[in-house]
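Listed below are the residues making up each chain.
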Amino acid sequence: MTFDFLDQLPKFGVLGIGLVAFLVVVMGVLYVGNIVPHRPKSLIAGMVFLIPTLILVGIGLIVPAIRTTILSFGDRTGEGFVGLANYVWIFTDSDMLTVVRNSAIWVVLTPLLATAVGLVYATIIDRSKFEKLAKTLVFLPMAISFVGAAIIWKFVYDYKQIGNQIGLLNQIMVWVFGEGATQHWLAMPFWNNLFLIAVMVWIQAGFATVVLSAAIKGVPSEIIEAARLDGVNAWQMFWKVTVPSIRPAIVVVIVTMSIAALKLFDIVRTMTGGADGTSVLAYEMYAQSFPGQQTGRGAALAVVLFALVIPIIIYQVRNLRQRKEVR
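Residues numbered from 1 in each chain as written. Predicted model: local features only at pLDDT ≥ 70, side-chain atom pairs only at ≥ 80, totals over all residues. Heavy atoms only, no water.

K.L.:
Please provide a residue-by-residue account of the overall build of the chain, values included.
P.N.:
Secondary structure assignment for the chain yields 14 helices and zero strands. Secondary structure elements of the chain occur, N-terminal to C-terminal, as α-α-α-α-α-α-α-α-α-α-α-α-α-α. Counting every position in the chain, which comprises 327 residues, the buried fraction comes to 37%. Considering only residue pairs separated by 6 or more positions, the chain has 67% of its internal contacts joining residues 24 or more positions apart. Accessible surface computed for the chain: about 19,300 Å², of which carbon and sulfur atoms make up 70%. (Helix = DSSP H or I, 4+ residues; strand = E, 2+ residues; numbered from the N terminus. Buried < 20%, exposed > 50% of the residue type's maximum accessible area, 1.4 Å probe, protein only. Contact = heavy atoms within 4.5 Å. Areas by Shrake-Rupley, 256 points an atom, 1.4 Å probe, with all protein chains shown as cover.)

Printed below as a string of structure tokens:
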């Protein structure tokens with residue numbers, strides 16, 4: 001396939017106009033909002049610093065977003081117009097509904113489980129004698145790439161129908177329950193998603209532990225002493241003092257992990273390739289766009305994924321504003 005610049009020129013013209021309009025709107029908002037002072041010299045100085053950044057954002061984010069949105073209304077070649085057919089397919093096709101369900105499970109369970117593990121671990125090891133060693137061990141998986149972690153856990157879940165089991169989990173099942181107890185863990189519909197989520201939790205628990213441990217250390221000692229004088233036990237101290245005091249840190253961890261879970265690709269691609277009902281939106285976007293050669297459907301999935309991230313980002317921005325107002 002050759003690239004003819006003259007044929008593509010109208011598309012670049014539309015995108016260029018969109019980029020210029022974006023820059024004008026941003027500068028207008030900054031001017032009216034007093035972010036850039038109204039004095040001409042200050043406005044020019046602000047534009048000198050802002051425009052290069054805005055151009056890079058426009059080229060790397062705005063223009064691709066516009067182009068992807070346009071492609072989402074096209075057919076598999078990206079040329080013919082099919083309207084909302086690609087979006088209808090996402091929310092009516094049975095296989096795609098499974099993909100959407102899987103993504104929802106990832107977004108709900110991964111942040112909650114990883115944050116819970118990190119919070120419990122941070123509380124237990126806080127001010128303990130082996131705190132540094134414990135934090136190092138729990139943070140080590142963060143140093144491994146998602147692909148590396150997926151390969152490690154793929155061996156843990158490995159299943160052989162005949163011969164000796166090399167998968168750790170199946171070998172434990174053999175030792176405890178006998179040969180007939182082995183399972184093909186990654187081929188069990190629905191449950192295999194939970195086994196994949198366990199990998200993500202194993203990786204992200206270290207991040208949650210470090211962030212929440214720092215937040216726990218920042219709880220004012222006066223609050224802790226006052227609670228102890230009131231006679232609270234360890235359980236009450238955890239739920240009524242520690243957790244409310246570190247709520248902003250918990251929100252940051254949950255939001256960060258929610259976005260990571262929503263755009264997850266590596267673990268699913270490496271461990272199952274989306275087979276046996278384990279595909280998620282980010283993986284399906286890749287599968288439809290490249291192996292499947294369905295440009296329109298892949299672009300529609302990208303738009304849906306982007307739309308699902310926006311509410312999470314808005315919530316985080318509002319949360320940060322509220323924290324600033326309280327201060």
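K.L.:
An account of the pattern of salt bridges is requested, with residue identities and associated values reported.
P.N.:
Here the structure, examined in full by the defined rule, presents three salt bridges. A salt bridge links Lys217 to Glu131, with the nearest nitrogen and oxygen atoms 3.0 Å apart. Within this pair, whereas Lys217 is found in helix α8 (residues 191–217), its partner Glu131 is found in helix α5 (residues 131–139), the two being separated by 86 residues in sequence. The exposure class assigned to Lys217 is partly exposed, which follows from its relative accessible area of 37%. Using a relative accessible area of 13% as the deciding quantity, one classes Glu131 as buried. Residue Arg228 is joined to Glu225 by a salt bridge in which the shortest nitrogen-to-oxygen separation is 3.6 Å. Within this pair, Arg228 and its partner Glu225 are both found in helix α9 (residues 221–229), separated by three residues, close to a single helical turn. Salt bridges linked by common partners bring Glu131, Lys135 and Lys217 together as one network. (Salt bridge = Lys/Arg side-chain N within 4 Å of Asp/Glu carboxyl O.)

K.L.:
A description of the nonpolar core should follow, citing residues and the corresponding values.
P.N.:
Residues Trp106, Tyr157 and Met271 are the most contacted members of the largest nonpolar core, which totals 46 residues. Elements with a contribution of two residues or more to this core: α4 (94–125), α6 (146–156), α8, α9, α10 (234–245), α11 (247–262), α12 (266–271) and α13 (281–289). Residue contributions to this core peak at eleven residues, all from α8. Dropping the residues within four chain positions of it, Tyr157 is found in contact with Leu169, Asn170, Trp185, Leu186, Phe195, Ala198, Val199 and Met271. Judged by nonpolar contacts, the second largest core, of 16 residues, contains Ile90, Val251, Leu281 and Leu301. (Core = buried A, V, L, I, M, F, W, Y, C linked by side-chain atoms within 4.5 Å.)

K.L.:
Describe the environment of Leu119, listing the residues and the values that go with them.
P.N.:
One can find Leu119 in helix α4. Since its relative accessible area comes to 10%, Leu119 is described here as buried. Along the sequence, Leu119 and Thr209 sit 90 residues apart, while their C-alpha atoms lie 6.1 Å from each other. Residues in contact with Leu119, not counting those within four places in the same chain, are Leu212, Ile216, Phe238, Val243, Ile246 and Ile250.

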